[in-house]
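Chain residues, written in single-letter form:
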Amino acid sequence: MFSFPDTLSASIYDQWKSRIRFESAFKDGNKKDDCSKGTKAVDFIVLDDKTLWLIEVKDYRNPQKRKKTIPKPSKLSCLIACKIRDTLSGLVVAKMNAKNSNEREFALQALKKEKIRLVLHLEQSKQHPQIIDPVAIQQTLKILLKKIDPHPLVVDANHSHSVKWSVQSKCPKDQELYENNGSPIFTNFEHYS
Amino acid sequence: MHCHAGAWERGAIMLKQLKIENFTVFPKADLQFASGLNVIVGENGCGKSHLLKLLYAISFENTSQGKRPNAQEPNKEILERRYAEKLRGVFHIDDLSYLSVKDLALSYMPAMGADGQVDEKAYVEASFNNTRSWTVDLSYKDETQSTCFEYNEDEAYDTCKSGFAVDHSSIDVIINTPPKKWDNVLPVFMSTRELLTIYSGFVSIYDSHYLEFDETYRDTCILLGLPLLKGKRKQQAKEMLKPLEKAMGGKALLRNGRFYLSTPDKGEIEIAMVAEGQRKLAMLAQLIATGILLDNGYLFWDEPENNLNPKLIKVIAKVILHLCDNGIQVFIASHSLFLLRELEILSKHDEFKQVESRYFSLRLEDNGSVEVEQGDTLYDLQTLVLLDEQLLQSDRFMELGD
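What counts as what
- Residues numbered from 1 in each chain as written.
- Chains lettered and ligands numbered in written order.
- Predicted model: local features only at pLDDT ≥ 70, side-chain atom pairs only at ≥ 80, totals over all residues.
- Heavy atoms only, no water.
- Helix = DSSP H or I, 4+ residues; strand = E, 2+ residues; numbered from the N terminus.
- Buried < 20%, exposed > 50% of the residue type's maximum accessible area, 1.4 Å probe, protein only.
- Contact = heavy atoms within 4.5 Å.
- Areas by Shrake-Rupley, 256 points an atom, 1.4 Å probe, with all protein chains shown as cover.
- Axes fitted to C-alpha atoms, helices over the stretch in contact; angles between N-to-C directions.
- Parallel < 35°, antiparallel > 145°, perpendicular 65-115°, else oblique.
- Core = buried A, V, L, I, M, F, W, Y, C linked by side-chain atoms within 4.5 Å.
- Domains from an automatic or database assignment.
- 1 Å grid on protein atoms, 1.4 Å probe; cavity = no way out; pocket = protein on both sides within 12 Å on 5 of 7 lines; lining within 4 Å.
- Points joined across faces, edges and corners; volume = space filled by probe spheres on them.
- Nonpolar A, V, L, I, M, F, W, Y, C, P; charged D, E, K, R; others polar.
- Pairing = 2+ DSSP bridges.
- pLDDT = per-residue confidence, 0-100.
- Left-handed = near helix turned anticlockwise from the far one by under 90°.
- Buried area = accessible area lost by both parts, 1.4 Å probe.
- Salt bridge = Lys/Arg side-chain N within 4 Å of Asp/Glu carboxyl O.

So, the overall build of chain B
Phase 1: On a plain count of helices and strands, chain B comes out with 11 helices and 14 strands.
Phase 2: Expressed as a percentage of the 402 residues in chain B, the buried residues total 53%.
Phase 3: Taking the intrachain contacts of chain B between residues at least 6 apart in sequence as the baseline, contacts between residues at least 24 apart amount to 72%.
Phase 4: Put simply, chain B shows about 17800 Å² of open surface, and 50% of that area lies on carbon and sulfur atoms.

The structure is reproduced here in structure tokens:
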């Protein structure tokens with residue numbers, strides 16, 4: 001469960017309608033070319049005064065789930081790089097074309113920021129907390145994404161470094177690290193047209 | 001490449017650039033070095049040690065003849081003979097044709113000459129800076145000292161084909177441009193293993209028998225036996241020796257041709273009785289104490305991490321950066337992510353911020369050749385097998401389940 005202070009605006013970008021439309025524009029199950037595989041997206045976007053934070057969450061605590069849906073550690077950085085790339089292009093499209101005014105305004109504010117920071121929340125099982133070396137992930141992210149953020153962060157609930165939000169572990173067994181559960185997609189962001 | 005003024009401005013001669021063609025596993029490469037730390041990474045068999053040995057052989061021969069009494073100015077004839085001998089010795093080969101790409105049975109086409117003939121020469125060009133006011137202008141040849149040599153293999157190749165022994169005394173190296181003056185410091189080569197245990201009598205035996213050791217062992221043993229520093233430079237060395245001596249629990253001591261670790265509590269311990277990691281530190285300490293690794297020169301170190309636990313790797317990472325900061329140009333080949341990270345952490349510290357670094361990743365291509373990626377930081381490299389393997393191991397671990 002993520003908690004954001006009042007000074008931050010946050011949104012579950014993954015659930016934006018314009019994001020889903022953006023993805024579908026590039027998705028065609030009948031075709032197998034690169035343009036038809038859809039787009040990817042980070043989980044959260046957070047805004048503070050000057051910074052656009054793109055946040056991805058990966059939860060490797062549940063062994064059953066991680067086998068099915070979570071990428072292998074060796075593929076993780078590349079996947080995140082694609083998510084960052086697609087989210088940034090998705091934000092540009094949302095700023096221009098989103099029908100939902102909150103999404104459009106959030107995208108507008110996001111693209112006004114002065115810098116981009118990338119954060120991976122990586123949760124691992126208590127039995128094997130270091131199966132994935134977070135520094136190795138951070139280093140591979142840095143190689144791939146240094147032109148966007150030369151200092152990407154890899155954090156977890158107990159080691160959140162300099163991020164301004166907090167994470168509480170809800171249920172390590174079979175739930176995602178975050179759940180929407182009907183909570184608003186936008187936090188501390190008030191734009192109502 | 002960003003070149004900070006420090007080490008260059010001290011007037012030390014340093015390696016700036018190495019261009020190679022058809023050399024061992026490298027079809028073509030152009031490496032630009034930092035004045036401080038140069039790190040080479042890559043899988044086994046990618047040619048890391050080849051690069052270290054080649055650079056060592058060049059810098060050695062650019063110095064050794066000039067140190068002789070009544071030394072002549074560098075000239076083509078002397079250097080051609082000396083390079084050929086040194087390359088054979090350092091690579092421990094009888095036939096210089098092993099240094100050319102074709103002998104590795106690569107599947108790609110060798111370089112074609114202008115006449116359409118296959119060019120089977122290995123080509124090497126090493127550039128040094130040699131002016132006090134060196135500026136970042138690699139094309140300004142008047143301010144560079146250049147060593148170019150081609151390995152001419154026609155003769156050796158014909159000999160091989162017809163089954164004759166290669167004439168060891170033949171000159172197989174052709175110098176195009178000899179350096180303008182001799183370098184003044186002998187480079188140091190540290191191989192993957194320590195030499196203190198084999199030191200006793202090694203040089204005499206090496207010179208009188210055939211041993212399966214390359215010539216770097218002999219050269220480094222000679223340096224280990226140099227007299228210790230005195231006076232002001234001794235004080236300077238003392239500071240650098242402190243962390244090493246703390247980690248070793250004593251001081252390296254050479255007495256009657258044998259090495260000991262002199263400890264405050266157990267007295268003198270024969271070096272063979274000291275743990276391998278500590279012997280390695282003792283070897284480094286001895287080279288610092290003699291002044292050969294102090295404030296000017298080159299260190300080529302193959303896998304410094306070998307036989308060291310993380311605690312000791314941390315110590316040598318700091319010593320390496322101290323050496324760079326003092327003006328030694330350091331070249332290391334490494335497989336250790338721990339060492340690379342330690343160097344990165346330390347390089348952010350104020351005391352080492354001015355140390356210029358350069359990273360090289362050797363990438364094995366499908367056809368067996370090797371391409372070189374390079375950059376001022378580790379993150380300028382696209383191929384980091386060390387990291388990839390670390391994460392692939394995570395994949396395998398994860399498949400085990402909890």
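A few points about the packing of helix H6 (residues 215-224) of chain B against helix H8 (residues 276-289) of chain B
Residues and elements named next belong to chain B.
Phase 1: One way to put it is that H6 packs onto H8 with a least axis distance of 9 Å and a crossing angle of 60°. When the axes of H6 and H8 are compared, the pair comes out oblique. For the pair formed by H6 and H8, the contact residues are Thr-220, Leu-223 and Leu-224 on the first element and Met-283, Gln-286 and Leu-287 on the second.

A short note on the nonpolar core
Residues and elements named next belong to chain B.
Phase 1: Counting residues in each nonpolar core, the largest one holds 103 residues, and the members touching the most others are Leu-37, Leu-244, Leu-284, Ile-288, Leu-293 and Leu-323.
Phase 2: Ranked by the residues each element gives to this core, the list is headed by helix H9 (residues 310-326), at 10 residues.
Phase 3: Two domains each put at least three residues into this core: domain 1 (5-185 + 297-400) and domain 2 (197-295).
Phase 4: Sequence-distant contacts of Leu-293, defined by excluding residues within four places in its chain, comprise Val-188, Leu-284, Leu-287, Ile-288, Tyr-298, Leu-299, Leu-323 and Ile-328.
Phase 5: If you look at the next biggest cluster of nonpolar residues, it comprises 46 residues, including Leu-18, Ile-40, Val-90 and Phe-300.

Comments concerning empty space enclosed by the protein
Residue and element names in this part refer to chain A.
Phase 1: In total, this model carries 3 cavities of 30 Å³ or more according to the counting rule given.
Phase 2: The space that makes up the largest cavity amounts to roughly 60 Å³.
Phase 3: Val-42, Leu-54, Ile-55, Glu-56, Ile-80, Ile-84, Leu-118, Val-119, Leu-120, Leu-141 and Leu-145 together form the lining of the largest cavity.
Phase 4: When residues of the lining of the largest cavity are traced back to their parent elements, those giving at least two are strand S4 (51-60), helix H3 (73-97), strand S5 (115-124) and helix H5 (134-145).
Phase 5: Grouping the constituent residues of the lining of the largest cavity by class yields 10 nonpolar, no polar and 1 charged.

Re the pairing of strand S1 (residues 14-23) of chain B
Residue and element names in this part refer to chain B.
Phase 1: Counting buried positions along S1 gives 8 out of 10 residues, so the element sits mostly inside the fold.
Phase 2: With 7 bridges joining them, S1 and strand S4 (residues 122-129) adopt antiparallel strand pairing. Along S4, the bridge assignment pairs Leu-15 with Phe-128.
Phase 3: Looking at chain direction, S1 and strand S2 (residues 26-32) are connected through 6 bridges and run antiparallel. Within S2, the residue paired with Lys-19 across the bridge is Asp-30.
Phase 4: Where S1 folds back on S2, the antiparallel hairpin that results is connected by 2 residues, among which Thr-24 adopts a positive phi of roughly 40°.

Observations concerning the sheet that holds strand S10 (residues 267-270) of chain B
All names here are of chain B.
Phase 1: Read from one edge of the open sheet, 3 strands run S8-S9-S10, paired in antiparallel fashion. The strands lining the two open edges of the sheet, one partner per strand, are strand S8 (251-255) and S10. Within this sheet the neighbouring strands show an average axis-to-axis angle of 40°, counted without direction.
Phase 2: Summarising the sheet, strand S9 (residues 258-263) and S10 pair through 4 bridges and their orientation is antiparallel.

Some points on the confidence of the model for chain A
Phase 1: On average, residues of chain A score 85 in pLDDT, and 87% of them are at 70 or above.
Phase 2: Taken together, the stretch residues 171-177 of chain A has pLDDT below 50 and engages in 18 contacts with residues farther than four places along the chain or on a different chain.

Some points on the packing of helix H2 (residues 48-64) of chain B against helix H3 (residues 76-91) of chain B
All names here are of chain B.
Phase 1: Interhelical geometry of H2 versus H3 gives an angle of 145° and a closest axis separation of 9 Å. Seen along the crossing, H2 lies across H3 with a hand that is right-handed. Packed against H2, whose contacting residues are His-50, Lys-53, Leu-54, Tyr-56, Ala-57, Ile-58, Phe-60, Glu-61 and Asn-62, the element H3 presents Leu-79, Arg-82, Tyr-83, Lys-86, Leu-87, Val-90 and Phe-91 at the interface.
Phase 2: In the contact of H2 with H3, the residues fall into 10 nonpolar, 2 polar and 4 charged.

Some words on the interface of chain B and chain A
Interfaces are often described in size by the accessible area the parts lose on coming together.
Phase 1: Contacts between the two partners involve 20 residues from chain B, matched on the other side by 22 residues from chain A.
Phase 2: Across the chain B to chain A interface the summed buried area is about 2000 Å²; carbon plus sulfur atoms make up 60%.
Phase 3: Put simply, chain B and chain A have 2 salt bridges between them.
Phase 4: Residues Asp-133 of chain A and Arg-341 of chain B are paired through a salt bridge, measuring 2.9 Å at the closest nitrogen-oxygen approach.
Phase 5: Those elements that provide at least two residues to the side of chain B that touches chain A are helix H10 (337-347) and helix H11 (385-400) of chain B.
Phase 6: In terms of residues, the side of chain B that touches chain A owes the most to one element, H11 of chain B, which gives 9 residues.
Phase 7: Here the side of chain B that touches chain A is built from residues that sort into 10 nonpolar, 4 polar and 6 charged.

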